[in-house]
Amino acid sequence: MHIQSQITDRKKLSLTSLIDVIFLLLLFFMLSSTFSKYSKLEISASTNGGGVTTQQKTNLIALDGALIRFNGQATNIDDLYAQFAQSSDDQKTILIITTSPQTSTQQLVDVLSKFSNIDSLNITIAR
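First, a word on what this report is: a plain description of the structure on this page. This one's a predicted model, so the numbers in the text were calculated from it and none came from an experiment. (Residues numbered from 1 in each chain as written. Predicted model: local features only at pLDDT ≥ 70, side-chain atom pairs only at ≥ 80, totals over all residues. Heavy atoms only, no water.)

**Digging into the packing of helix H2 (residues 77-86) against helix H3 (residues 105-115)**
Put simply, H2 and H3 touch, their axes get as near as 10 Å, and they point 25° apart. Relative to H3, the element H2 lies roughly parallel. Regarding H2 and H3, the two cross each other, and that crossing is right-handed. Residue-level contacts link Ile77, Asp78, Leu80, Tyr81 and Phe84 of H2 to Val111, Lys114 and Phe115 of H3. For the contact of H2 with H3, a count of residues per class yields six nonpolar, no polar and two charged. (Axes fitted to C-alpha atoms, helices over the stretch in contact; angles between N-to-C directions. Helix = DSSP H or I, 4+ residues; strand = E, 2+ residues; numbered from the N terminus. Parallel < 35°, antiparallel > 145°, perpendicular 65-115°, else oblique. Left-handed = near helix turned anticlockwise from the far one by under 90°. Contact = heavy atoms within 4.5 Å. Nonpolar A, V, L, I, M, F, W, Y, C, P; charged D, E, K, R; others polar.)

**Digging into the environment of Ala66**
You can see Ala66 is positioned in the loop between strand S1 (57-64) and strand S2 (67-70). The exposed category is assigned to Ala66, whose relative accessible area is 80%. Spatially, the C-alpha atom of Ala66 lies 8.4 Å from that of Ser104, the residues being 38 residues apart in sequence. (Buried < 20%, exposed > 50% of the residue type's maximum accessible area, 1.4 Å probe, protein only.)

**Considerations on the packing of aromatic side chains**
Per the counting criterion, the structure on display carries two aromatic pairs. Their ring planes at 65° and their centres at 5.2 Å tell us that Phe28 and Phe29 sit as a pair that is edge-to-face. According to the relative accessible area criterion, Phe29 is exposed, its value standing at 52%. Ring geometry for Tyr81 and Phe115: centres 6.1 Å apart, planes at 55°, overall tilted. (Phe/Tyr/Trp six-rings, centres within 6.5 Å; stacked < 30°, edge-to-face > 60°.)

**A few points about the pattern of salt bridges**
By the definition in use, this model includes one salt bridge. In this structure, Lys114 engages Asp78 in a salt bridge whose closest nitrogen and oxygen atoms are separated by 3.0 Å. Here Lys114 is found in helix H3, whereas its partner Asp78 is found in helix H2, with 36 residues between them in sequence. For Lys114, a relative accessible area of 29% corresponds to the partly exposed category. According to the relative accessible area criterion, Asp78 is partly exposed, its value standing at 41%. (Salt bridge = Lys/Arg side-chain N within 4 Å of Asp/Glu carboxyl O.)

**Considering the pairing of S2**
Here S2 shows a clear split, with Ile68 and Phe70 buried on one side and none of Leu67 and Arg69 buried on the other. Relative to strand S3 (residues 73-75), S2 runs antiparallel, the two being bridged by three bridges. Looking at the pairing, Phe70 lines up with Gln73 of S3. Hairpin connection, S2 to S3: the antiparallel pair is bridged by two residues, and Asn71 has positive phi, about 50°. (Pairing = 2+ DSSP bridges.)

Below, the structure written as structure tokens:
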């Protein structure tokens, strides 16, 4: 018994629907993306040598995982911001931020963005 296979003619693939799908995907991703402006943070790293030439206050914030320490005492970031925002000295205050290996980058960015709008602070990041 001889079985004859059917030969079918393949139709050409229509690209019209593919172009429509690509256009819809492009439209979806354009409309779902955010168009917010990203602000930049100025970061100054600590340098070797050279001391402070003028009389300035120096404060230390240590980021240790989820814990924030100010001059050795555990504190809340909002309370710390209120304390620095209320002090209106004519002289610049040096704020040194240290991090531990457990500190996330997001936590460092949160602290920097919180304190960057206080003009009397000179923020330095140290390891």
